[in-house]
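Summary of the model geometry
This is what each chain is made of:
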Amino acid sequence: MSENLRLQLEINGQPHTLLVDPRVTLLDALREHLTLTGTKKGCDQGQCGACTVHINGKRVLSCLTLAAQANGQSVTTIEGLAQPDGSLHPVQARFLEHDAFQCGYCTPGQIMSAVACIDEGHAGSADEIREYMSGNLCRCGAYPNIVDAIQQAAADLSKEAT
Ligand code: FES
Ligand code: FES
């Protein structure tokens, strides 16, 4: 049996200390040790995108990332995206407005990927969005509405930036 590691992570702006087995993924650490269950486990094999979170603002698949790799880093999950006063991130607001989900299982991962996709400058057209969101699968086939929501959120954010 391996000895537990003591990790210090910032999660959604708050410092956390975790004692975990070195083999624990970031996904399981979030869901099972911190009860942050907004991040979903779909395939657990890097194929669906449901587990997408940000480390230092960059999107990662938390099922393929060891919790230990996030030691000392800043992690953002879907729970940390809205403002402290509860106002939604523009991507969240546009997903709601455009009905960009059905069962909602893929939605946290879609939204975390979409925020990163816009930040990366890859939301310039519907085709580009489809390409850079292709790692996020939706069994319900909500893709057209997801693309619309992201295009609109990208426009909102570029207006905010000017
Ligand atoms: S659960 Fe991580 S990619 Fe599917
Ligand atoms: S909304 Fe059901 S999997 Fe995407």
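Residues numbered from 1 in each chain as written. Chains lettered and ligands numbered in written order. Predicted model: local features only at pLDDT ≥ 70, side-chain atom pairs only at ≥ 80, totals over all residues. Heavy atoms only, no water.

With that settled, the discussion passes to the domain arrangement of the protein. On domain assignment, one finds that the protein holds domain 1 (5-80) and domain 2 (90-161). On a C-alpha basis, the centres of domain 1 and domain 2 stand 21 Å from each other. Counting from both sides, the interface comprises 14 residues of domain 1 and, opposite them, 16 residues of domain 2. When the buried area of domain 1 at its contact with domain 2 is split by residue, His54, Arg59 and Ile78 rank highest and sum to 47% of it. On inspection of domain 1 and its partner domain 2, the count reaches 1 salt bridge. The salt bridge partner of Arg59 is Glu120, with a shortest N-O separation of 2.8 Å. Counting every contact that joins domain 1 to domain 2 gives 8 residue pairs in polar contact (both at pLDDT 80 or more). (Domains from an automatic or database assignment. Contact = heavy atoms within 4.5 Å. Buried area = accessible area lost by both parts, 1.4 Å probe. Salt bridge = Lys/Arg side-chain N within 4 Å of Asp/Glu carboxyl O. Polar contact = N/O pair within 3.5 Å; in protein donor to acceptor, adjacent residues only side chain to side chain.)

Once that is clear, we can look at the pattern of salt bridges. Going through the model one piece at a time under the given rule, you end up with 7 salt bridges. The shortest N-O distance in the salt bridge between Asp21 and Arg23 comes to 2.9 Å. Among the residues examined, Asp21 registers a relative accessible area of 16% and is labelled buried. Across the pair Asp127 and Arg130 runs a salt bridge whose closest N-O atoms are separated by 2.9 Å. Highlighted residues: Asp127 and Arg130, both in helix α4 (residues 126-132), separated by 3 residues, approximately one helical turn. Taken together, the shared-partner salt bridges in this structure form one network comprising Asp28, Lys41 and Asp44. (Buried < 20%, exposed > 50% of the residue type's maximum accessible area, 1.4 Å probe, protein only. Helix = DSSP H or I, 4+ residues; strand = E, 2+ residues; numbered from the N terminus.)

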